[in-house]
Amino acid sequence: MRKLFAAAVIAILAGAVGARAQEVSQAEKDRALQYLESTKKNIEEATKGLSEAQWNFKPGPDRWSVAQVMEHIAAAEDFLRGLIQEQVMKAPADPSRDLKKTDDAVLAMVPDRSHKAQAPEPLVPTNRFGSPDGSMKHFVESRATTEQYLKTTNGLRDHAIDSPLGMKLDGYEFVLLIAAHSERHTKQIMEVKADPNFPKN
């Protein structure tokens, strides 16, 4: 009897954990895809028609040009998606997390330019794509890969790792972070363009 009871408890607990590790809903996928698409469009619009002088203008010696920001965005897309594939999806689940609260925190915190952050060494601009056009081309192709990954990957909620935000994020939340990161740096591009010394043409 005791063994049967123990087995029942284990089954209930296993079911509870399984229920917490839910699959990404279609509504959640649609939300993330729309965010990925809108942030891509905003980057394209923010950089459309820039001259070489405008691409390369730096507001200060320790500030990035639009070209450098664009390179960073493109490089980060690969870096963050690779993190999902190589680390997040191999990590255990964390059933204690509040998914909605964490989703909302990513969307609120990452684009907030009032909190400055130092780019990790692998994402510091080095002209790795050869030109602003090269950075944009790479970004558009990489964003398409991210969108396809979101559409076709199961179990994005089933794994979570520590993040720079000070909380554990699952695979879906890292996809939100990718889009939010590009929103953050689109704001940076607009800051550069708003500088009084930004070239007129």
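Report on the accompanying structure. Remember, predicted model here, so these are calculated numbers, not experimental data.

## Some details on helix α5 (residues 99-109)
Every buried residue belonging to α5 is among L99, T102, D103, A105 and V106, and all of these are buried. Across the axial projection of α5, the buried residues extend over an arc of 160°, all falling on one side. Opposite its buried face, α5 presents the exposed residues K100, K101 and A108, each directed more than 90 degrees away. Taking the backbone nitrogen of K100 as reference, a side-chain oxygen 3.4 Å away marks D98 as the first, capping residue of α5.

## Concerning the nonpolar core
In terms of nonpolar packing, the biggest core is built from 26 residues, with I84, L150, L156, Y172 and F174 touching the most fellow members. If you list the elements that add at least two residues to this core, you get α2 (26-47), α4 (66-86), α6 (132-152) and α7 (171-193). By residue number, the principal contributor to this core is α7, which donates eight residues. Among all residues touching Y172, those that are not within four sequence positions of it are V24, E28, K29, R31, A32, D103, L150, L156 and R157. Judged by nonpolar contacts, the second largest core, of 18 residues, contains L50, M70, A74 and V192.

## Some words on the environment of K168
With respect to the element layout, K168 can be found in strand β2 (residues 168-170). Separated by 80 residues in the primary sequence, K168 and V88 have C-alpha atoms spaced 9.9 Å apart. With sequence-adjacent residues up to four places away left out, K168 is seen in contact with D94, R97, T102, A160, I161, D162 and E173.

## What to know about unusual backbone geometry
For N127, which is not glycine, the phi dihedral falls at a positive 60°. Inspection of the secondary structure puts N127 in the loop between α5 and α6.

## What about the packing of aromatic side chains?
A complete count under the given rule lists one aromatic pair for this structure. Relative to F198, the ring of F57 has its centre 5.8 Å away and its plane inclined at 85°; by these criteria the two rings are edge-to-face. In this pair, F57 sits in the loop between α3 (52-56) and α4 while F198 sits in the segment after α7, placing the two residues 141 residues apart along the sequence. When sorted by exposure, F57 lands in the same class as F198, which is buried.

Procedures and definitions
Residues numbered from 1 in each chain as written. Predicted model: local features only at pLDDT ≥ 70, side-chain atom pairs only at ≥ 80, totals over all residues. Heavy atoms only, no water. Buried < 20%, exposed > 50% of the residue type's maximum accessible area, 1.4 Å probe, protein only. Helix = DSSP H or I, 4+ residues; strand = E, 2+ residues; numbered from the N terminus. Arc of directions from axis to C-beta. Polar contact = N/O pair within 3.5 Å; in protein donor to acceptor, adjacent residues only side chain to side chain. Core = buried A, V, L, I, M, F, W, Y, C linked by side-chain atoms within 4.5 Å. Contact = heavy atoms within 4.5 Å. Phe/Tyr/Trp six-rings, centres within 6.5 Å; stacked < 30°, edge-to-face > 60°.

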